[in-house]
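The primary structure of each chain is shown beneath.
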Amino acid sequence: MASVAIEFEKRTLEWPTEDCTRIPNWVYSDPDNYQRELEKIFYGPFWSFVGLDCEVPNPGDYKRAMVGERPVIIVRDKDNQVNVLLNSCAHRAAEICLDKFGSNRVLTCPYHQWTYDLKGKLMGVPFRKGAKGIGGYPADFDMNANSLKALRVEVVNGAVFATFDHNALPMREYLTDRIYEKFTRVFDGRKLKVLGYQRQRLRGNWKLYPENLKDSYHATLLHVFLISFGLYRMDQKGNLFNDDKTRAHNVVESIATPRDQLKSHDEMKSYKSNYELNDMRPVTPVKEFGDDITIQNLTMFPCLTVQQQQNLLQCRNVIPMGPNEFELSWTFFGYEDDDEEMIQRRTRLANLTGAAGYISVDDNEVFELSASGMLANPDANCVVELGGSSSDSPQAGEMVSESAIRGFYELYREVMYAHPRP
Ligand SMILES: [Fe+2]
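Nothing here was measured: the structure is a model prediction, and the numbers come from that model.

Brief notes about the pairing of strand β16 (residues 304-309)
Where burial is concerned, most of β16 is hidden: 6 out of the 6 residues are buried. Covered by surrounding structure in β16 are L304, V306 and Q308 together with T305, Q307 and Q309, the residues of both alternating faces. Pairing of strand β15 (residues 295-300) with β16 involves 6 bridges; the strand directions are antiparallel. For M300, the partnering residue across the bridge sits in β16 and is L304. Between the antiparallel neighbours β15 and β16 lie 3 residues. In this antiparallel pair of consecutive strands, β16 and strand β17 (residues 312-320), the connection spans 2 residues, and Q310 shows a positive phi of 55°.

Topic: the pairing of strand β5 (residues 82-86)
Most of β5 is tucked away: 5 of the 5 residues are buried. Alternating positions in β5 separate into two faces, V82, V84 and L86 on one and N83 and L85 on the other, with burial throughout. Judged from the 5 bridges that link them, strand β4 (residues 70-76) and β5 form a sheet pairing that is antiparallel. Bridge pairing in β5 places R76 opposite V82. Hairpin connection from β4 to β5: 5 residues lie between these consecutive antiparallel strands, with N80 at a positive phi of about 70°.

A look at the sheet that holds strand β10 (residues 152-156)
Pairing within the open sheet is antiparallel, and its 3 strands lie in the order β2-β11-β10. What marks the edges here is a single partner per strand, and that holds for β2 (48-52) and β10. With strand direction ignored, the average angle separating the axes of adjacent strands in the sheet is 30°. Pairing of β10 with strand β11 (residues 159-163), which is carried by 5 bridges, proceeds in the antiparallel orientation. When the bridges of β11 are listed, V155 appears paired with V160. Across the sheet, helix α2 (residues 171-186) touches β10 and β11, and the angle it forms with β10 is around 20°.

A short note on the coordination of the iron ion
Here the iron ion is held by H218 (NE2), H223 (NE2), D363 (OD) and D363 (OD), and the distances to it run 2.0 to 2.5 Å. Viewed at the metal, the 4 donor atoms of the iron ion are separated by angles of 55 to 145°, and the geometry they form is irregular.

A short note on the domain arrangement of the protein chain
The accessible area lost on association of the parts is a frequent measure of interface size. When the domains of the protein chain are assigned, the result is domain 1 (48-154) and domain 2 (176-417). For domain 1 and domain 2, the distance between their C-alpha centroids amounts to 36 Å. In this complex, domain 1 contributes 8 residues to the contact, which on the side of domain 2 involves 14 residues. Across the domain 1 to domain 2 interface the summed buried area is about 940 Å²; carbon plus sulfur atoms make up 71%. Applying the counting criterion to the domain 1 and domain 2 interface returns 0 salt bridges. The interface formed by domain 1 and domain 2 holds 3 residue pairs in polar contact (both at pLDDT 80 or more) in total. For the side of domain 1 that touches domain 2, a count of residues per class yields 5 nonpolar, 1 polar and 2 charged.

Remarks on the sheet that holds strand β8 (residues 115-116)
Taken in spatial order, the 3 strands line up as β7-β8-β9 in an open sheet, and their pairing is antiparallel. Edge strands, defined here as strands with exactly one partner in the open sheet, are β7 (107-108) and β9 (122-124). Here β8 runs beside β9; their pairing, made up of 2 bridges, is antiparallel. Bridged to T115 within β9 is G124.

Regarding helix α1 (residues 31-42)
Over its 12 residues, α1 extends 15 Å from the first C-alpha to the last, a length consistent with the 16 Å expected when each residue adds 1.5 Å. For α1, the N-terminal cap is D30; the gap from its side-chain oxygen to the backbone nitrogen of D32 is 3.1 Å.

Some remarks on the packing of aromatic side chains
For the coordinates displayed, the defined rule picks out 26 aromatic pairs. A centroid spacing of 5.9 Å and a plane angle of 65° characterise the contact between F49 and F161, whose relative ring orientation is edge-to-face. On the criterion of sequence distance, the pair formed by F49 in strand β2 and F161 in strand β11 is long-range, its members being 112 residues apart. With 5.4 Å between their ring centres and 55° between their planes, Y209 and F367 make a pair best called tilted.

Definitions and limits used
- Per chain, residue numbering runs from 1 following the sequence as it is written.
- Local features in a predicted model are, by the rule used here, given only for residues with pLDDT of at least 70; side-chain atom pairs are given and counted only at 80 or more, and totals for whole chains, interfaces and linings are based on all residues.
- Excluding hydrogens and water, the side-chain values take into account all heavy atoms of the structure.
- Remark: exposure states derive from per-residue accessible area (1.4 Å probe, protein chains only) relative to the maximum for the residue type, with buried under 20%, exposed over 50%, and partly exposed in between.
- In this description a helix means any DSSP run of H or I spanning at least four residues, a strand means any run of E spanning at least two, and both kinds are numbered starting from the N terminus.
- When DSSP finds at least two bridges between two strands, those strands are taken to pair.
- Note on method: axes are straight lines fitted to C-alpha atoms, helices fitted across the in-contact stretch only, with angles between N-to-C directions ranging 0 to 180 degrees.
- Two residues form a contact once any of their heavy atoms are found within 4.5 Å.
- Donor atoms are limited to N, O and S found within 2.8 Å of the metal ion, a distance that becomes 3.2 Å for Na, K and Ca. With water left out, some sites might look partial.
- Just to be clear on the cut-offs, tetrahedral is four donors with all angles between 85 and 135 degrees, square planar is four donors and octahedral six with opposite donors over 155 degrees apart and all others between 65 and 115, and anything else goes down as irregular.
- Note that the domain bounds reflect an automated or database-derived domain assignment.
- Defined in terms of a 1.4 Å probe, buried area is the accessible area two parts forfeit on being brought together, summed over both.
- Each salt bridge in this description consists of a side-chain nitrogen of Lys or Arg and a carboxyl oxygen of Asp or Glu lying within 4 Å of one another.
- Polar contact is defined as a pair of N or O atoms within 3.5 Å, subject to the rule that within protein one atom must be able to donate a hydrogen and the other to accept it, and that residues adjacent in sequence are counted only when both atoms are side-chain atoms.
- Nonpolar residues are Ala, Val, Leu, Ile, Met, Phe, Trp, Tyr, Cys and Pro. Charged residues are Asp, Glu, Lys and Arg, and all others, Gly as well, are polar.
- To estimate how far a helix should extend, the number of its residues minus one is multiplied by 1.5 Å.
- Centres within 6.5 Å are what make two rings of Phe, Tyr or Trp a pair, Trp counting through its six-membered ring; a difference in plane orientation under 30 degrees is then read as stacked, over 60 as edge-to-face, and the rest as tilted.

What follows is the structure, encoded as structure tokens:
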């Protein structure tokens, strides 16, 4: 069949600098730019986190998830393989799975009951041969050409990733060795157990979220709780590094200072030495990973965060919903062999960085402040010059740098506009 070409009006937007020390505000609000992000990033050769394989433990179990704005189904088939299928019937595009979780032998569309097997293959079409011998689909109607679209899937020690691009790099190569090593420090091969979910809608552009996690600068200024209880401060030991290939994946790791050794610091005005908690358990972790790292924040391009905050383990996934809104989807987890005490500890720690945690509430408020400024001033630019102009990882121990945000945009511009790296 011949295709029909349709052209739309062209327009030009401008990035103000050759390097990524400036980010134009329109990047966070322009609807055309957002459409291109969906095509080039979310439906391109990048991996999206869709869930944990322990969420679909048995053949037939399924779960709904999102890749960009496209609903998908994660389903375990009879061969025990985890598939990720587009949740959109090949017939009239209707969503097939409406429940967040479920289990079934087949997947049946509610509209005209087209039925697919657990690998997405079309198995049944009602009235395919017509009614009473009249009508129906043409004799050469190809069932095989009308399967559910299957994404490429990779499961890394229980974490399920999917991409529309079947030529995407394998996850290890995608993350690079250095980031993969940190990823598998948490996803270490032990069986996982989900402890709970949270989700929230935020008014702002999806990129604000990964940027916030790459930004160690704000953590020591904005978060009174972190500073006052010594959980994260600029004057403590830590490292910040980007992957050395794309520069768009990043890790911030740090070691908490015991509270009796904390000092006041002129530039940390929000430090409150007289703050006490009635229950100190949310700030008293146990050592778990064979090192002293108390916070490890890993951001994977485009928008997954894996956080280990003391004994709290979570994936935070960003689901874009237009240029000015996103859903933040939290999965709290532990390991299948956790004892009751550890489960309690992890759950209690969710009071730090959960949707309404002592720390996250600050971020949620400033996203909306940034977003309203960006939306109202599309011609102005953000300044991202802390630590220089490059995306080289800062030297060991240097925590005051925006290099990870610059790294994100170096890849972003290459992917979005074919702009060469600086
Ligand atoms: Fe924050």
